[in-house]
Each structure stands twice: as C-alpha cells, then as structure tokens.
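Letter by letter, the chains look like this.
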Amino acid sequence: MIFTELRFLVFFAIVLGVHWSLRRNRARKVWLLACSYVFYGAWDWRFLSLILASTVVDYFAGVRIASHPDEPDRRRHLLFMSLFCNLGLLGVFKYFNFFVDSGVAVLNTMGIQADPSILRIILPVGISFYTFQTMSYTIDVYRGRLTPTHDFLDLALFVGFFPQLVAGPIVRARDFLPQLVILRKRSDILFRPYVLLFLSGFFKKACVSDNISGIVDTYFSNPQSYDALSAWIGVMLYSVQIYCDFSGYSDMAIATAGFLGYTLCDNFAFPYFSGSIQEFWRRWHISLSTWLRDYLYIPLGGGRGATLFRYRNLMLTMLLGGLWHGAAWRFVIWGGLHGFALVVHREWRAALERGARRSPIPALLGMAMTYYWVGLTWIFFRSSDWKSAFVVAKAYVFLDGPGTNRLNPEALFLVAILALAHWVAYRRGAIAIWYRLPRPIFVTGIGVVVGVICTLIASDVRPFIYFQF
Amino acid sequence: MKRAALNATVLITASLLFAFLALVAVVQDFDPFLTTKQRIESIESLGGFLNSGRIEPPLRRSATVELLEDGVLIGDSSSSRDQVRAAGYGHFRCLRRFVLFSSSDGTNPLENSRQYEIRTPIILPGWIPGLLVSLSLVPILILAVSSGRTGRLIPFLLRTGRVCGFAGLFLFGLLGTARLIGVAVPTSIEALFDWKLATFTPPGETPPNVAFIGSSRTYRHIVPVVLDSIMAEKGQETRSYNFGVQGARVFEMPRILERILKADLDHYLKWIVISLERPGWDVRSANLKSARLADYHDNRAMRRAFQYYLTNQSRAMGDRARAFAKRFVPYLRGRLSFSRGSTWIRARMDPKATRYRIRRLEGQGHSRGFLSVDDDMKTAVGKSLEVLRERHARFLEGREGEQVAGPNPGPPGRTPPPAYELFAEVLQDLSSMVRDHGAVPVFLSHPINQSREDLAAADSTGVIEHFIAIDNRTDYPHLFRAELRFDQGHLNQDGAIEYTKILADRLSLIIATEESDQ
C-alpha cells in the first residue's frame, strides 16, 4: 500500500474516522497497532513476524536493562543481545546475499572457482528503518537517557506505527513514547498544516518524482548512447526525483501521523540549498544523519582526538551510512564520496579558522559546488552497474559523453521551474502564508491544488525509492 | 408525547411520499410509463400509402413514439420511407417535426375520417428528480434536529450549510482547475481532432461539402482525394474531408458531430457520412486508462450508458453494476483531466514519446484528414510503433491462407436482433442534427471481422434513410483478402483506395437519388 494509491486513501479515511471516534487512549492505540499491521501485511504478512520479534526482544531487553542499574556487565550483555538480534535480522535479510556475492567475487579474482548457491532472500520492506528505531530504544535505555516502557502495546506501536514504518522518518523512542501517554482531543490538532503538508508530499511524489522517473530510467538504462548534456540532464533529474520521492514520502508520513495526533520529526530542510556538504547532511534525511551521529559517529570517538582518528570516524560513519542504503558496493562508494567531501570541507574550514579568514567562496557558488558534488555521488547511487556509473561520471565531470543521443533540453526548463518553486518555498515560507488565509479561500485553494495534482499525477504509480532500503 | 409521535408520522410519510415521487421521476426518465398524446396535424398524401403530418411542438425523443388510429395502437415505428410508401398497414416513421405514416387498412387518412395521434413519453425536466430527492430529505432533517431540541435547528442548519458551502468551494476549485488544464492541454486524440477542425476549411478554397465521421476505420479507410476524383468523373462535384479519429463510436459521435457542424459556419456541408460500428457498452480493463475513453465519455454518453445498464434486463444486475462502475472510471478521469498534464510533460521530455506526435508533425502525411495506417507506421516511433507492429504481426500470424481470419459476418437471411432503443435514439439524434444543419445523413459500415448483426439491426430501426453497407464478405470478398489489410480491423493503403472506390460508387447513387427527389 503506497501513500499515493487510492486504496491507501480509503484505508486512511477509515483509520482516521475510527481513531477519532474512540474515546479511550488504549482503544486508540490498539486500533492503530492493528491498522499498522494490516498496512504492513498488505505487502507480505509473513514479515510481520520480524517486526514482532524485534519488538519482543527490545521490550524485554529494555525492561531488564532498566531493572539492573547496578550490574553493568549484565546490562551490556542485554544490550549486545538486542543489537545482535536486530543487526542479525538486518544481516540475514538485507546483507546475506551481498556478503556471499562479494566473497565469491573475491575468490574468483584469486582464481578459485566458488559456487554461489545462495539462499535468495527477499528483502522485507522497511527493515532498515524499524531495526534502527528499536536499536535506538535499547541503546537509549542502556545509556539511561530513556525510561523503558512497561507497556508492550506502546513499544509495539512505536515500532510498527504505520506512517513511518516502511521509510521513516527514523523516530526516536524518547520523542514518540511520551506522546502515547496523552489522550488527545480532535480540537487539539491543527489540521490545516497537515493538509498542506500531505498535499505537498503527494505532489512531490506523484506529480514530480513519478513523472521524471521515466526519463531518468531511459537515460540510466543506456547511458552509453547519450551525450554529455544528457548526462547533466539525467543526473539533475535524478537529483530532483530522489528528493521529491523521499521528502514527499516523509511529508506524507508526518502529515498522516499529524492527522492522528502524533508528531514525527522533520526529515528534510531544503537540502539542495546547502552551502556546504556538511550543511547538506544537516538538511538531508535528518533522522538518519542524526541517528548515525548519535549512535555511531560519537561512540566511535566523534570529533575528538587526533586528526586522522577524527577523519577515520567520519569516513567509517559515512561508509556504513552508505551501506545502510543498500547491500551493494556502489552505495558504499556513495557514502565514501560523501565522507571524503566532509573531510575536505573540514580541512578547508579548519584552514580558514587558522588564518582567521572568511570563506572566499560566495554563498551561491558554495551551493552550486555542493549540488555538483551531490549530483556526482547520485550517479553511483542510481547506476545499475559500475560500467554505467563510470560512463555517466565521466560525461558529468569531463563533459565527454560517449553517444550522440540527447535528452530533450526542455527538461532543464522543468528543473528550473521546480527549483524556482522550491526557492520561493525556502525563502518565503510559502506554506506558512496558507495558514493565515480565510477559510473559504483556503478551501477553494485546496480544491485548486487537488485539481492540479489530478491533472499532473502520473498514470503509473511507482513505489517509493527508499522502500528498497 | 402523542403530538410528537403524530408529528413524526406526518414527517416520515411526507418524506416517503417525496421519495416515491422521486423514484417515479427517475424511472420515468429511463423507462417511461407516463405518456402524452399529440394529434397529427396538416396531413398530406405523398403517394402510395405514404402520408405525412406535422407534430407540434417538435419531439425531443422520437424513438419510443407510438401511432394511434382512433385511439387504437397500430403500426411499426421502425419503417423506412419506402416501406411506409409500399407496405402501408400502419407502418410509420417518426422524425422530430413530422411523421410519415400509413393507415391500418390502407385507406387515405384524409378521407377515412379517423383521428391519428402519436403517443410519446412525458419527459420531465432533469431537475425534477433532484428536487424531489431534496424534498424527501427535508422532513427527515427536521425530524432529526427538532426532536426535543428545536433550539438547535438554526445552528445545525447553519453548520450544515457552511459545510456544504465549503464542499462547493472545494469542488469549484477542483473541477475548475481540472477544466482549465483540460482545455489548455488537450489529449492526443483531441489534438488530432482539433487539427482536423482547424484545417478542414483551407483559406482561399471552397470548403468541403462532404464530411466523414467515425472511428479509426473512417480515418484509415476513406481517401477524400480518391473519392472526389471518382465523383468528378461521374459529374458530381464533391469536396470531402475525413474527420475520423480513433475510438469514436456511435455513442460518442454526437459530441464530435456537434463540433463539426459548429465549425461549418456557412453550412457548406451537404453530406455527412457517419460510420457505424457495433454499439459497445463495456469498457475493457486494458482500455481503462486510454485517453480516448476520457475524451469521449462526456455527460451525454454517460447518461446513455447509465440508461442502458439500468434498463437492459438481459444482463444480471450485478454484472450491469460492475460494467457501469468500470465505465465510470474513465468518465471521472476525463472530468478531472486526470494525468493529462503528466502525459504532456512526459511526452515533451521523452524523445521517444509518441503522444502529441500528431500535434508536433502538424498533420504531416495527412491528406484532407486521411492518413493510411501504413504511412502512420512509417513515421511512428516508440510505443506507438510497437503497437502497430504488434497488431500487424498478430494479423499476419492469424490469417488463414489468403483470407482474413475471424468470425464470419453471418449467413444471409439471419434474423437480426432488435436494435437497442438507445442505439436507435443516438442514430435519431445524429440524423436530426445533420438534417437541422441542412445536410443529408448517410450511414456507413466497414469491412471488419466482427459480427454485423448489430449493424443490421441498426438498419432496421427505421431511422436510417441512407445506409451504405460495405461490410459483407460475400459481396466484397476482395476487401477481406490479406493483401488489402493491415490487421483484423483495418485496411492498408491499397485496401483504403479500393474501399473508397466502392464507397464513391454507392455514394454517387444516393446523391443522384436525393438530388432527383429535390
């Protein structure tokens, strides 16, 4: 069930109607949990068992860790047990084939023929997201930053809450669990911002991303036959596609949760207007980058210690962040390129600080450079194989395309329009203006927006890109 | 307490009464049972058994008209002018403003002192059922909000009114935007038709006097240049134009015809040849997203579809409901201009996109609206080309020997099934529109490999005066030979020329007869 499908809208209307008609908080939670499992089961009900297993393990781990405050070894063992289970699920279902394939490739290069009789395992939707959520819960309990919940229902709903279950944002238990205690009234909820957020996300996904995806697929399926301009068009369109796809999903997830009375964290903040790669990571997939910072980078040592040690931490975090996205080396390279850029940026900033100088690069140029680099990294993220990736990268960097075919340059006009709309929203807070409109104008405007969406909606519904992660 | 019960009873009775009347009004609209009589005035004898009489005021629908002689039902309404003239015995044919009829015993109505009337269904204005439904809701509303809490009635009504008002504003924004974008960005079929409308009267030239309308069969089969040259050889001056567009079936044709007639400001068109195909009602799942369905499913077509599904007793109710629901999807898509902008944007960006190709090429390869399917395939790219190739290949694989595979048109003499009333009604509408424009309607059928029973039935409705049937394998075996065909449903370039020649011969006879009558 995808947010842009009619069946989801029907499903959600029922969920919403029943949710607000229930008067007791516990009844609402039971209802939401049941709906969340139905939502997930619509893909493959068998994988509900993984969510349940993860929830059960972390529920008991959390309770037991908290009940032994004076036994650090026992607490540590319980934590490792939880991490082992969660990472084990991830390892088996997401990375098993990848490691076996990589091992076979290494053996083959050494001249040893290995038979890759691999158990082909289906990747359960959203496994990366909910395992990270459950892990953060146990780690926070272990660190003493969170009191574990003794209500299994609360934890199950935290893990399985359907708006964010399959593609985030990666919610922290310390932000979400307290919300489950409060019984909200419908009058407490400001629906207007959520209506706008949902429509904005719907537009990004169904009207922008899905429309662009066809041309992006055309280019990346055979980049050898296109020229350098097409490489630029293809990469720019893909950067728009993935942003609109993922941020569109996040917007709809936040709005969906909002309609139900729950607040999820922001996940995007106009990342393509970042003046540096560091800023980009503060604006792109915020819930993941903060997770990696809090549960990987800082525990590794963070920004403390010797220079090389710090850069090692950074690179390791980004490489693992890349691997989180997908079980393929190209994602690792993607993470590595971002890590490299972060290291360079830190060096540059340190050099400026040492000389007590301001950056000589104007803000706009900084944005362009950041966008250029991010575009280069997207090539590895999107390409289906190494050969294609290098062909596109060469055309993108050296303006040297191998083919003669050309994508329609009018596509750049479209990108420009989208960038302008994005800029207006960024600078003016366009959505905020809507909040203040008189109700009749607001309602008519919503009708207009829905009308525009209807006419621009792509006829073929495509799954969200991040579902595969 | 008693008083409250009495009030409730009165209100519920009133509500039920209005609901019943609403039901009656709805049934009357779809399956009329309330009728009115009109006396036939100004009777004239036209030779043989044929008489004519005026109907005042003109009828809105004449397909369900009955003829009464001294109050007794007589006649067969589905008769042609010649049948009435030759057979008599109550045969009649009703047009909007006059009726062609004969007496029940062959006597002259001017001399037999009998009174002739026509009986027609009472047609209620479209808003009557809506009003009655609303009235049936009012007592319920009053009952709901006033029982013990009359003081809340006004706030309740205000709140309800506000919600309705907001819903109206929302719909205004939604449908208005969809309409605006729909006008600004026509679908590919609309684009083709718009192009044809824009080019059918070339500046400085005499506008065409013959128009062909119909589906892809018309588009691909009729070569105006060939037709005009043959007609010129026969001493008949015609300038014809092919308005065929893919998917335009008979139920969608009034809309197309309306636009053509509107564009013919000076009434140059004298002959309008309308292609008939089987009256298909059900939408195939594969076609649900087709732009042509969105184009053609206007309110009129949907009204007829609803009428058909409601009244066609030969199909199970559930089956009809499902079929209607399926048809409703493309209608809704059309109303909302669903995905229209998306298709346009994707076509602009994708070098291989074929939609809107016709717009880009500005009718390249067309000759007065005609484009053979062979030539179309030469310029097609991408998915369009794939579809054409696939259909052609499937045809080549499926053919049996020299002849085309597919169902036989049926042995001669088979009794055709009765025409759908709605089918006859549409044909009547088309005929009336053409006649009112001052032109002559001619109906035409094509050599396709489908049963022609429905078309034969159309011929028996009595609405059709001129019918050119070039669809019979027995009479036109060469049109079914593989070398003249592109696929099961379409002729190739050579086939189109051959077909046009036959059409020219048949049309010239009709023109000669009609001109001699005048």
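Everything that follows concerns the structure shown earlier in this document.
Quick notes on the rules
Residues numbered from 1 in each chain as written. Chains lettered and ligands numbered in written order. Predicted model: local features only at pLDDT ≥ 70, side-chain atom pairs only at ≥ 80, totals over all residues. Heavy atoms only, no water. Helix = DSSP H or I, 4+ residues; strand = E, 2+ residues; numbered from the N terminus. Buried < 20%, exposed > 50% of the residue type's maximum accessible area, 1.4 Å probe, protein only. Contact = heavy atoms within 4.5 Å. Areas by Shrake-Rupley, 256 points an atom, 1.4 Å probe, with all protein chains shown as cover. Buried area = accessible area lost by both parts, 1.4 Å probe. Polar contact = N/O pair within 3.5 Å; in protein donor to acceptor, adjacent residues only side chain to side chain. Nonpolar A, V, L, I, M, F, W, Y, C, P; charged D, E, K, R; others polar. Axes fitted to C-alpha atoms, helices over the stretch in contact; angles between N-to-C directions. Parallel < 35°, antiparallel > 145°, perpendicular 65-115°, else oblique. Pairing = 2+ DSSP bridges. Expected span 1.5 Å × (residues − 1).

### Some points on the overall build of chain A
In terms of helices and strands, chain A carries 19 helices and zero strands. Buried positions account for 54% of the 469 residues belonging to chain A. Across chain A, contacts joining residues at least 24 apart in sequence account for 76% of those joining residues at least 6 apart. Accessible surface, chain A: about 20800 Å² in total, of which carbon and sulfur atoms supply 66%.

### Brief notes about the interface of chain A and chain B
Taken together, the contact between chain A and chain B spans 26 residues of the former and 24 residues of the latter. Carbon and sulfur atoms supply 67% of the area that chain A and chain B bury against each other, a total of about 2200 Å² over both sides. Here chain A and chain B share four residue pairs in polar contact (both at pLDDT 80 or more) between them. Among the elements of the structure, α9 (191-221), α17 (410-428) and α19 (439-456) of chain A are those that each provide at least two residues to the side of chain A that touches chain B. When residues in the side of chain A that touches chain B are grouped by element, the largest group, 13 residues, is from α19(A). Residues that form the side of chain A that touches chain B fall into these classes: 14 nonpolar, seven polar and five charged.

### With respect to the packing of helix α10 (residues 228-259) of chain A against helix α16 (residues 386-398) of chain A
Residues and elements named next belong to chain A. Two elements in contact, α10 and α16, have axes separated by 8 Å at closest approach and are oriented at 105°. With respect to their mutual orientation, α10 and α16 come out roughly perpendicular. Here A228, A231, W232 and V235 of α10 lie close against α16, whose contacting residues are V392, A395 and Y396. Tallied by class, the residues present in the contact of α10 with α16 amount to seven nonpolar, no polar and no charged.

### Brief notes about the pairing of strand β7 (residues 98-101) of chain B
Residues and elements named next belong to chain B. The pairing of strand β3 (residues 51-54) with β7 spans four bridges and is antiparallel. From the neighbouring strand, G53 faces β7, where its bridge partner is V99. Two elements, strand β6 (residues 92-94) and β7, share three bridges in a ladder whose sense is antiparallel. Residue F92 lies in a different strand from β7, and its bridge partner there is F101. The turn linking β6 back onto β7 is made up of three residues.

### Here we look at the side chain of B:S508
By the element assignment, B:S508 lies in helix α18 (residues 493-517). Aside from chain neighbours lying at most four places away, what touches B:S508 is B:M231, B:K234 and B:Q236.

### Observations concerning the environment of B:T238
All names here are of chain B. Relative to the elements of secondary structure, T238 occurs in the loop between α7 (224-233) and β10 (240-242). According to the relative accessible area criterion, T238 is buried, its value standing at 7%. A C-alpha to C-alpha distance of 5.5 Å links T238 and D228, two positions 10 residues apart in sequence. Ignoring anything within four residues of it in the chain, the contact list for T238 reads N209, V210, L227, D228, M231 and I511. A polar contact of 3.0 Å, which involves the side chain of T238, links it to the side chain of D228.

### Side note on helix α4 (residues 72-109) of chain A
An ideal rise of 1.5 Å per residue puts 56 Å on 38 residues; α4(A) reaches only 46 Å between its terminal C-alpha atoms. One or two residues past the end of α4(A) sits A:G111, with phi positive at roughly 90°.

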